[in-house]
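# Residue-level structure breakdown
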Amino acid sequence: MPRSARTPVPFAIVPLSLLIACGRPAPTHSPQQAAPPATVPANISHGEAPVGSTETPPPVDPRAPAPPAGHRQQIRLEIQHATVVIDSGVRYDAWTFGGHAPGPVFRVRQGDTVDFTLVNKAIMPHSIDFHAAEIAPDRYYTNLMPGDSLHYQFTPRVPGVFMYHCGTAPVAAHIANGMYGAIIVDPPTPRPAAEEFVLIESEFYTGGDSTHRNPLVLDWAKLLSLAPDYVVFNGRAAQYAKHPIAVPVAAPLRIYVVNAGPNRVSSFHVVGGIFDRVFLDGALGHPLEGVQTMSVPVGGSAIFELRLKQPGIYPFVTHAFADATKGAVGMFEAKAVVRPQ
Ligand SMILES: [Cu+2]
């Protein structure tokens, strides 16, 4: 649909809290303000200003990877220090799995053999902790020296979506610097077909060059104060507000949400929707039903299923709105499916 044909949404029906959350760009360096913003910037809003375009893909594809073939899954990860973009024009000196923060999303099946290799191409020790595995940390989650590699196998027993992260001390610094990702473990009988997305919530605590000429770096004092500058989905502030995720109206949606933290609990919510089912970690046969908002603890996850009943734009947020204001906001754009005549 051409942008000019988009039906404007009257300003009056947009909740004030949402406008504050969506309208204010994430702070660039010094988030502590004495008063909330009095005006609504025009970059992310509803109707009266552009909300982005689904014709422009978001920086990070939120779609879940396809289920794998076979029962032996090879996973190889390289640890790299890399500069990543955490907001428009804001670069961050990250520690990563695979050059990006978050690292790649993996998908395996319950009972598969995961054949895992980790290679440390960074200049300092790192490690990896798979929440989907049940193995001895002192044998497998050990520090890997620069240039070294590690190889082992594990068999995921519990279906769900699980965090992985660097476990090297101080763990908070390694996670805050970008060392986390997600692995989906499918049950033996696949879940019903749906449009599937992965959202990894995390925080950035930034210090360093306030002019942004150089990449920002971790501010340890902010981290210990639980005061992030950015709270983001998939590594970048408000990217899916600027580039809404197109979905068919009324189609089944499944959202795999992992909260990497390292500090802030997520209160995941879709404005205009009610979750038909929420699966907490491995609670495959015991979903919660009819849920408006669900906490996703740091280091935890949940799988959300819902349908967006009418065409329109549906923000998703952490309903802890200070964190949404800092970038943990995105939008689904539910569109009618045009079938060929
Ligand atoms: Cu690390």
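The structure presented is a predicted model; accordingly, all values stated were derived computationally and were not measured.

What counts as what
Residue positions are given per chain, counted from 1 along the sequence in the order it is written. Where totals are concerned, whole chains, interfaces and linings use all residues; where local detail is concerned, this predicted model gives features only for residues with pLDDT of at least 70, and gives and counts side-chain atom pairs only at 80 or more. Neither water nor hydrogens contribute to the side-chain values; these are computed over all heavy atoms in the structure. Numbered from the N terminus, helices here are DSSP runs of H or I no shorter than four residues, and strands are runs of E no shorter than two. Each residue is assigned to one of three classes by its accessible area relative to the maximum for its type, calculated with a 1.4 Å probe on protein chains only: buried under 20%, partly exposed between the two thresholds, exposed over 50%. Every residue pair with non-hydrogen atoms within 4.5 Å of one another is taken to be in contact. Note on areas: Shrake-Rupley, 1.4 Å probe, and residue coverage restricted to the protein chains presented here. Any two strands with at least two DSSP bridges between them are considered paired. Axis lines are fitted through C-alpha atoms, for helices just across the contact stretch, and the angle between N-to-C directions can take any value from 0 to 180 degrees. With water excluded from the atoms, a metal site may look incomplete; its donors are any N, O or S atoms within 2.8 Å, or within 3.2 Å for Na, K and Ca. Angle rules define the geometry names used: all angles between 85 and 135 degrees makes four donors tetrahedral, while opposite donors over 155 degrees apart and all other angles between 65 and 115 make four donors square planar and six octahedral, leaving every other case irregular. You can read pLDDT as the predictor saying how much it trusts each residue, on a scale of 0 to 100. Polar contacts here mean pairs of N or O atoms no more than 3.5 Å apart (in protein, one a potential hydrogen donor and the other a potential acceptor; neighbouring residues in sequence count only if both atoms are side-chain atoms).

### What to know about the overall build of the protein
- Scanning the protein for helices and strands turns up 6 helices and 21 strands.
- Buried residues in the protein amount to 52% of all 341 residues.
- When contacts within the protein are restricted to residue pairs at least 6 apart in sequence, those whose partners lie at least 24 apart make up 74%.
- When the accessible surface of the protein is split by element, carbon and sulfur atoms take 57% of a total near 14700 Å².

### Notes on the pairing of strand β21 (residues 329–335)
- The element β21 is largely enclosed, with a buried count of 6 among its 7 residues.
- The sheet contact formed by strand β13 (residues 245–248) and β21 spans 4 bridges and is parallel. Across the sheet, residue Pro248 finds its bridge partner in β21, namely Lys335.
- As paired elements, strand β20 (residues 312–318) and β21 share 6 bridges and run antiparallel to each other. Paired with Val317 across the strands is Val329, a residue of β21.

### Points about the sheet that holds β20
- The strand order β13-β21-β20-β15-β18 describes an open sheet built from 5 strands, whose pairing is mixed. Unpaired on one side and paired on the other, β13 and β18 (293–296) mark the two borders of the sheet. Taking the axes of each pair of neighbouring strands and ignoring which way they run, one obtains an average angle of 25° across the sheet.

### Regarding the coordination of the copper ion
- The coordination sphere of the copper ion contains the protein donors His126 (ND1), Cys166 (SG), His174 (ND1) and Met179 (SD), at a distance range of 2.0 to 2.6 Å.
- Its 4 donor atoms give the copper ion angles of 83 to 137° at the centre, a pattern that matches the irregular case.
- Within one chain, the residues donating to the copper ion are spaced in sequence as H-x39-C-x7-H-x4-M.
- Look at Met179 and you get buried, because its relative accessible area is 0%.

### Looking at the confidence of the model for the protein
- Taken residue by residue, the protein gives an average pLDDT of 87. The fraction at 70 or more is 82%.
- Segment residues 1–33: pLDDT under 50, and 74 contacts once partners within four positions in sequence are set aside and those in other chains are kept.
- Low pLDDT, under 50, characterises residues 40–50; the predicted model gives this stretch 33 contacts beyond four residues in sequence or across chains.

### A few points about the pairing of strand β19 (residues 301–306)
- Burial of β19 is extensive: 6 of the 6 residues sit out of reach of the surface.
- Residues Ser301, Ile303 and Glu305 of β19 are buried on one face, and the alternating residues Ala302, Phe304 and Leu306, pointing to the opposite face, are buried as well.
- Here 6 bridges tie strand β14 (residues 253–261) to β19, and the two strands are oriented antiparallel to one another. By the bridge assignment for β19, Val258 is matched with Ser301.
- By the bridge criterion, 4 bridges tie strand β16 (residues 275–280) to β19 in an arrangement that is antiparallel. The partner of Phe279 across the bridge, within β19, is Ile303.

### A closer look at the environment of His126
- If you trace the backbone, His126 turns up in the loop between β4 (113–120) and β5 (129–130).
- When the C-alpha positions of His126 and Trp95 are compared, they lie 9.3 Å apart, and in sequence the two are 31 residues distant.
- Not counting residues within four places of it along the chain, the set of residues in contact with His126 comprises Ile79, His81, Trp95, Asn120, Thr142, Asn143, Leu144, Cys166, Thr168, His174 and Met179.
- In terms of polar contacts, His126 uses its side chain to reach the side chain of His81, at 2.8 Å.
- Of note is the side chain of His126, whose polar atom sits 3.1 Å from the side chain of His174.

### Focus on the sheet that holds β4
- Taken in spatial order, the 4 strands line up as β2-β1-β4-β6 in an open sheet, and their pairing is mixed. Each end of this open sheet is capped by a strand with a single partner; those strands are β2 (90–97) and β6 (149–154). Going across the sheet, the axis of each strand differs from the next one's by a mean of 25°, ignoring polarity.

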